[in-house]
There are 2 protein chains.
Amino acid sequence: MKRRSLMKAAALSAALGLASGAAFAQDAERKIIGVSIPSATHGFMGGLNWHAQDTIKRLGEAYPNLEFVLSTAGDAAKQVNDIEDMMATRNIDGLVVLPFESEPLTAPVKAVKDAGKFVTVVDRGLSQEGIEDLYVAGDNTAFGRVAGEYFRDNLEAGAKVVVLRGIPTTLDNERVEAFQAALEGSDIEILDMQHGNWNRDDAFTVMQDYLSKYPQIDAVWAADDDMAIGVLEAISAANRQDEMWVIGGAGMKEIVRRIMEGDPQLPVNVTYPPALISSAIEMTALNFVSNAPMTGRFIIGSQLITPENAEQFHYPDSPF
Amino acid sequence: MKRRSLMKAAALSAALGLASGAAFAQDAERKIIGVSIPSATHGFMGGLNWHAQDTIKRLGEAYPNLEFVLSTAGDAAKQVNDIEDMMATRNIDGLVVLPFESEPLTAPVKAVKDAGKFVTVVDRGLSQEGIEDLYVAGDNTAFGRVAGEYFRDNLEAGAKVVVLRGIPTTLDNERVEAFQAALEGSDIEILDMQHGNWNRDDAFTVMQDYLSKYPQIDAVWAADDDMAIGVLEAISAANRQDEMWVIGGAGMKEIVRRIMEGDPQLPVNVTYPPALISSAIEMTALNFVSNAPMTGRFIIGSQLITPENAEQFHYPDSPF
């Protein structure tokens, strides 16, 4: 198994044309960066996988002395294996890891750090603080606040809204609390907040329930683009698409395209970019090719996507 | 005056070989990044100026389509002028600014942002939140905590220490509070904390006073390398160099060299890197050459410099 996953990584490396750099650079300057991420099991991770490959390709061309080993894992055990392989057989100089789960990845990532490698942790913290050199993540508070501010500024007094929550997590709490805080003092009423679990089908069911319960709904905070798709289907099925608009989140390609086209049902979106993996890989590369300090915490802001700026958030080649 | 400062920027640009890239890249892809920083009036700013030039040189070579306009200012009014020049005559696409002072720079930097440019603010916030796309700064809490932890772990119970504070500012408070918090619960006594104002001569005077007042001093937190130099002079003058060690901060070249050589008076140092300007310029460049999101807050960690790792923090060509 170990051997096989390694071969896959090497094959991918070759397919991306990453190994060619070795010929240009002196051995002393050659640096190998491992990138370990979850597989493309759903929309957001599909986008994240695409952006990781896109960035590795760009960096391989810009810096021939950098070599990358990319591995994707469908579960935590496979990811632990991948990282141990990277250390044992590729002797990586740096590791970029988006942990499948925090707990089982903490010890293996700590072992990489203890071996003197540069470690970048992305999106989800490890169970122990202070292991990584660089932490790169989205801003969940801003994600909720930016959405809430749009509701506050674009609904009339007395407007009624419903909210779909994600999987019950700290991350979801932070987002929802910031959304509610942004509405405080306004005359906008939140009718209901149920968990759609960042899942299209669950969101469809929750929204069906909302539509049967509430005769007046002016806007929906779906809080995630997969949930937004489910919500839009339920609204269409109830034939109430002229009554309310829907704000998702994360910048899914189809949603961004509809914003660009001025769809009145989808006026804006809030970023939580799958391309955060690109920021993490680029900054890890800078640690090796520049004198710029890259140790610390980079929290990527959540931005409002509007018809005016949507094009810069639209990646036609990405699956997400 | 405007014309003159512009000519100086252009001359510097030429001297660094930055303009040459324009010939390689298509006009459509060419991006101009303005960098506005305080002059090299003291050690830390000298280092910062050196790192800014070093990074602009590296990026000009790595990305021929990027062009840089660097200007340095001895006061806030000159810096406002510089930024207005960059907009009026160079039509910059992005701005990296380390504000001389927050208040007078806020409106001019906001004007750059309102014109649709990418704005990176470094080290000191503006008077109004949310203007910049990217904020890059050091971590003052970690700066105090890392030093405090070294004192806690390397002094015996009953040890007595003195502290030199910087110019009275929020920044200095954050550092000192974190230092005190790290010592809480230990048996280490802080005898005194006076302001040496990040100044060599003031620190000499404060330390002279400490030395005459306190018969037992086991260690000094000078909290800044300029202050550490003044403190070491006072200790030498009192001939008490065998009694105590001194921890400065920021990673001054001479101090780092002495750590590399194993000087018992200077066992370690804590980083607050003048190269943070390099992180800011590199990340702003990534906004133009990559798909990686670069909007957000990057807080650079403070690291402990030890004899083992000192070499990686030693820049022999930098003036600081």
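Under an unreviewed UniProt entry, the name given to chain A is ABC transporter substrate-binding protein, and the organism recorded is Paracoccus siganidrum. Turning to chain A, the UniProt annotation filed under Subcellular location (unreviewed entry) states: "Cell envelope". Reading the Sequence similarities (unreviewed entry) entry of the UniProt record for chain A gives the comment "Belongs to the bacterial solute-binding protein 2 family."

Caption draft 1: Summary view of the relation of the copies chain A and chain B. Here chain A sits on chain B after a turn of 180° about the axis and a move of 0.0 Å along it, with an RMSD of 0.0 Å. The symmetry that links the two subunits is that of a two-fold axis. Of the C-alpha atoms belonging to chain A, the one lying closest to the rotation axis is found on F298(A), 2.0 Å away. Most of the interface of chain A is mirrored in chain B, where 100% of its interface residues are also at the interface.

Caption draft 2: Spotlight on the pattern of salt bridges. In the structure shown here, the tally under the stated rule is 36 salt bridges over all chains. Here D82(A) and K78(A) are joined by a salt bridge, their closest N and O atoms 2.9 Å apart. One end of the pair, D82(A), and the other, K78(A), are both in helix α3 (residues 76-90), 4 residues apart, so they sit about a helical turn from each other. Residue E61(B) is joined to K57(B) by a salt bridge in which the shortest nitrogen-to-oxygen separation is 3.5 Å. Of the two residues, E61(B) and K57(B) both sit in helix α2 (residues 43-62), 4 residues apart, roughly one turn of that helix. Several salt bridges converge on common partners, so that one network encompasses R30(A), E67(A) and R90(A).

Caption draft 3: Region of interest: the interface of chain A and chain B. Taken together, the 28 residues of chain A in the interface contact 28 residues of chain B. With both sides pooled, the region where chain A packs onto chain B buries about 2,100 Å², and carbon together with sulfur makes up 60% of that total. Together, N291(A), P293(A) and F298(A) form the three largest contributors to the area buried by chain A at its contact with chain B, with a combined 25%. One can count 0 salt bridges joining chain A with chain B. At the boundary of chain A and chain B, one finds 13 residue pairs in polar contact (both at pLDDT 80 or more). Within the residue set of the side of chain A that touches chain B, elements represented by two or more residues are α2 (43-62), α10 (276-289) and β11 (296-300) of chain A. When residues in the side of chain A that touches chain B are grouped by element, the largest group, 7 residues, is from α10(A).

Caption draft 4: Inspection of the nonpolar core at higher detail. M207(A) and M207(B) are the most contacted members of the largest nonpolar core, which has 165 residues in total. It is α10(A) that contributes the most residues to this core, 9 residues altogether. Discounting chain neighbours no more than four positions away, the residues touching M207(B) are V162(B), I217(B), V220(B), V231(B), A234(B), I235(B) and M244(B). Core analysis: the next-biggest nonpolar cluster, separate from the first, contains 19 residues, I83(A), M86(A), I131(A) and Y135(A) among them.

Caption draft 5: How the structure looks around unusual backbone geometry. Residues and elements named next belong to chain A. Of note in the backbone geometry, A223 takes a positive phi value of approximately 65° without being a glycine. Turning to its location among the elements, A223 is positioned in the loop between β8 (219-221) and α8 (225-237). Judged by relative accessible area, which is 6%, A223 ranks as buried. Residues other than glycine seldom take positive phi values, yet N239 does so here, at roughly 55°. In this fold, N239 is placed in the loop between α8 and β9 (245-247). Overall, the relative accessible area of 60% leaves N239 in the exposed class.

Caption draft 6: Structural detail: the UniProt feature "domain: Periplasmic binding protein" (unreviewed entry) in chain A. UniProt records the feature "domain: Periplasmic binding protein" (unreviewed entry) for residues 33-281 of chain A in the present numbering. As annotated, residues 33-281 of chain A has a helix share of 47% and a strand share of 20%, and its two end C-alpha atoms lie 9 Å apart.

The rules behind each value
Residues numbered from 1 in each chain as written. Chains lettered and ligands numbered in written order. Predicted model: local features only at pLDDT ≥ 70, side-chain atom pairs only at ≥ 80, totals over all residues. Heavy atoms only, no water. UniProt positions renumbered as here; feature names shortened; annotations may be inferred. Least-squares fit on C-alpha atoms with pLDDT ≥ 70 in both. Contact = heavy atoms within 4.5 Å. Salt bridge = Lys/Arg side-chain N within 4 Å of Asp/Glu carboxyl O. Helix = DSSP H or I, 4+ residues; strand = E, 2+ residues; numbered from the N terminus. Buried area = accessible area lost by both parts, 1.4 Å probe. Polar contact = N/O pair within 3.5 Å; in protein donor to acceptor, adjacent residues only side chain to side chain. Core = buried A, V, L, I, M, F, W, Y, C linked by side-chain atoms within 4.5 Å. Buried < 20%, exposed > 50% of the residue type's maximum accessible area, 1.4 Å probe, protein only.

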